[in-house]
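If you want the building blocks of each chain, they are given just below.
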Amino acid sequence: MPLLRRLLRPDTKRSRSSMPRLEGRSTSAGVSVSPDRALQVAAVFSSVRLLAETGSMLPTGVFQRSGNSRLPAAEHPLAPLLTYQANPQLEAGEFWAQVLGWMLTRGNAAAYIERNNGGRPVGLWPVSWPGVEMRRVKDTGELFYKVTLEDDEWAPIREDGGLVRAENLLHFRSFGVGGAEGLSPIGMARQAIGTGWAATAYIGGFFARDASPGSTISVPGKLDDTQFERLLRQWNDNHEGFENSNRIGVMEGGAKWEKTTLSPADAQFLEVYKLTRSEIAGIYGVPPHMIGDVERSTSWGSGIEQQSLGYVIYSLMPWLTRLERTAQRLLGDPSLYLKFNPDALLRGDTTQRFAAYAQARQWGWMSVNDIRTKEDEPPIEGGDEYVVPLNMSPAGQAAPPEQRSLPAPQRRAQDPVDAPSVEDLPNWITQHYEAISEFFAEQGERVLAALNLRPDTPAEDLIDRLADDEVLTEILLRLALGLVGQVGSATAAALGGTFAAQETAAAVGASAAATAANINGTTVEQLKSTIGLGQAPAEVRESVRNMFGQMTDSRARVLAQARVSQTSNFASHEGAKQAGAVSKTWRVWDANPRKTHQRADGQTVGMRETFTIGSKRGRWPHDHRLGVDEIAGCTCRLQFNREES
């Protein structure tokens, strides 16, 4: 059965036409509100259609988490059901439109999972929610569903009597305050919808029954039939029609023309009708201007891009997130998940979009073909190369000969050179601390703003990992490039050589991206713990504010020092390697070192070899391969050795 016809079906059997958690359907406007009647209100239909069609048009994909990576899982046997064809009679986009339609009207939607003889899902069949009744086994509390199909519905339900176990039915719920069912937006807002329906009906009746003329001509005294017909004919002949508009009217015999207007009561009722459109838009959380209410100013942003961003984040994403979490049950693996891609709705204008591409190209995380793919353009030959920020040469390319042949200071080649300690780089620690602290402060403001709008927003939705990872990567990469250039050049010069910074750009970029992902991942986990304490909304916001306050101070300082230590050790190692150092020695500088570090003191290995520190192996102090236990608080340094040539 088509979605709209099912939503409008006048069937009123048992409680199947009543709305979840709605005691009665009467309103103060004297209108009985049901989903079929509510959809006849233009604002309700516009809101439901907008959200359902926008959600169903988005590209979908199945992905798998693997550490910090997110890999497409298009080959997974269940991916086609969620992204291409839900069942032999229904493609996936129409399936999601039906599911969203039921959630937006009834607050719940159901899809029967068809399985083959081996138990693997082979089809998803949406069933109308009025035909689903939730039940529980008294002794165990196990949830199951009694499914009754309408005459024009079909689904391959194998269970006797339509008693379907929970694992064979996907139950999509809208917002709720307890219980197994979601709340119906129409049911909970029936007063505003009832007023809107009454206003629509009144206005229609007004035009159907209204007999008031557009204007009147009054004369003193009484006209006979001949005089009446003559006056009316003369007025119509001279003023009726477009070609006679605005002609001078000549009245005789004391006749007077007057234009009629709506009564104050009728005019005010039209304003009530307009007001309900804005209220109904608020029920569904959609911008009023997107359902045709353009008379009032909007606070959703001043440009199309900002308004689209607000609509996607605050209107559409909560519904899509509910679909994604419920669909994950079908995949049966916590590392697998469904993802709707709203990027197509967030495209800026040409200038803004191309500026973003230029930045991504410059900093090396997008190639020409990556950009062309986003613009639906075919790839070009040589377009898969990534460039580095220093001179836009292909990543990994050696420095120009003239750079390598710069004269170096003369020194004894056999003298060892020590890597700088973090205490030798106070300015870099300050720069890192200020940049990271500012990032945390801005991130905290965005989280608190989102909590003010929706206090029940989960931690994963409060932080846009993709966007924040990119922003923090750019911050760390900018700082790292300067620090690597300074330390690497100083170390190479001390050994009598030169340093080509661009040879390390790819590794520096990868390190910045990994560090940014780890920092934001930890922030999300910390946020989960903070908002998951069952506090009141005001207390949650205060806890989150305190959390980010500590992050902008103590956590930013710790991260700044760790990042400078890691980057400077890497830079000195690469500078020494490029300058021709043949070996490196682990040196302990702490008066009370760890036992594992004390045993490693004086250990000498080749430049491309690793040190043995306890049970771990690493290339330098603060190498991530050593693990947190060997890195935290470490003050060890490297000594680089170059034999006599």
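*Asks:* Is there a simple way to explain a negative patch on the surface in this structure?
*Replies:* On the surface, Glu434, Glu438, Glu442 and Glu445 cluster together into a patch of negative charge. Within the element layout of this structure, Glu442 appears in helix 14 (residues 426-453). Residue class for Glu442 comes out partly exposed when judged on its relative accessible area of 38%.

*Asks:* Is there a simple way to think about the confidence of the model for the protein in this case?
*Replies:* A low pLDDT means the predicted coordinates there should not be read in detail. Looking at the protein as a whole, the pLDDT averages 76, with 74% of positions reaching at least 70. Counted against residues more than four places away or in other chains, residues 261-272, with its pLDDT under 50, gives 10 contacts. pLDDT under 50 marks residues 398-413. Its contacts with residues more than four places away, or in other chains, come to 26 contacts.

*Asks:* Explain the packing of aromatic side chains to me, please; I cannot follow it from the model alone.
*Replies:* Two descriptors summarise a pair of aromatic rings, namely the distance from one centre to the other and the angle between the planes of the rings. Taken as a whole, this structure holds 7 aromatic pairs when the rule is applied. When the centroid spacing of 5.0 Å and the interplanar angle of 70° are considered together, the rings of Phe95 and Trp96 count as edge-to-face. Taking relative accessible area as the criterion, Phe95 reaches 0% and is therefore assigned buried. Under the relative-accessibility criterion, Trp96 is labelled buried at 2%. Taking 6.0 Å as the distance between ring centres and 50° as the angle between the ring planes, the aromatic pair formed by Phe439 and Phe440 counts as tilted. Residue Phe439 is classed as buried on the basis of its relative accessible area of 4%. The class of Phe440 is buried, set by a relative accessible area of 0%. Chaining the aromatic ring pairs together yields one cluster made of Phe95, Trp96, Phe172 and Phe340.

*Asks:* Honestly, the sheet that holds strand 13 (residues 336-340) in this entry has me stumped. Any pointers?
*Replies:* Within a sheet, each strand pairs with its neighbour through backbone hydrogen bonds, oriented either parallel or antiparallel. With antiparallel pairing, 3 strands are arranged side by side in an open sheet as 2-1-13. Edge positions in the sheet fall to strand 2 (69-72) and strand 13, since each of these pairs with one other strand and no more. Each neighbouring strand pair of the sheet contributes to a mean axis angle of 40°, computed without reference to strand direction. In this structure, strand 1 (residues 60-66) lies alongside strand 2, joined through 4 bridges in antiparallel fashion. If you follow Arg65 over to strand 2, its bridge partner there is Arg70.

*Asks:* Is there a simple way to think about the packing of helix 14 against helix 18 (residues 537-579) in this case?
*Replies:* For any two helices packed against each other, one specifies the inter-axial angle together with the distance between the axes. Interaxial distance between helix 14 and helix 18 falls to 8 Å at its minimum, and their mutual angle equals 160°. Here helix 18 runs roughly antiparallel to helix 14, going by the angle between their axes. Helix 18 is crossed by helix 14, and the crossing has right-handed handedness. Here the contact of helix 14 with helix 18 is built from residues that sort into 17 nonpolar, 6 polar and 6 charged.

Rules used in this analysis
- Residues numbered from 1 in each chain as written.
- Predicted model: local features only at pLDDT ≥ 70, side-chain atom pairs only at ≥ 80, totals over all residues.
- Heavy atoms only, no water.
- Patch = residues over 30% accessible without salt bridge, like charges linked within 9 Å, V, L, I, M, F, W, Y side chains within 5 Å.
- Areas by Shrake-Rupley, 256 points an atom, 1.4 Å probe, with all protein chains shown as cover.
- Salt bridge = Lys/Arg side-chain N within 4 Å of Asp/Glu carboxyl O.
- Lys, Arg positive; Asp, Glu negative; His and termini not counted.
- Charge placed at Lys NZ, Arg CZ, Asp CG, Glu CD.
- Helix = DSSP H or I, 4+ residues; strand = E, 2+ residues; numbered from the N terminus.
- Buried < 20%, exposed > 50% of the residue type's maximum accessible area, 1.4 Å probe, protein only.
- pLDDT = per-residue confidence, 0-100.
- Contact = heavy atoms within 4.5 Å.
- Phe/Tyr/Trp six-rings, centres within 6.5 Å; stacked < 30°, edge-to-face > 60°.
- Pairing = 2+ DSSP bridges.
- Axes fitted to C-alpha atoms, helices over the stretch in contact; angles between N-to-C directions.
- Parallel < 35°, antiparallel > 145°, perpendicular 65-115°, else oblique.
- Left-handed = near helix turned anticlockwise from the far one by under 90°.
- Nonpolar A, V, L, I, M, F, W, Y, C, P; charged D, E, K, R; others polar.

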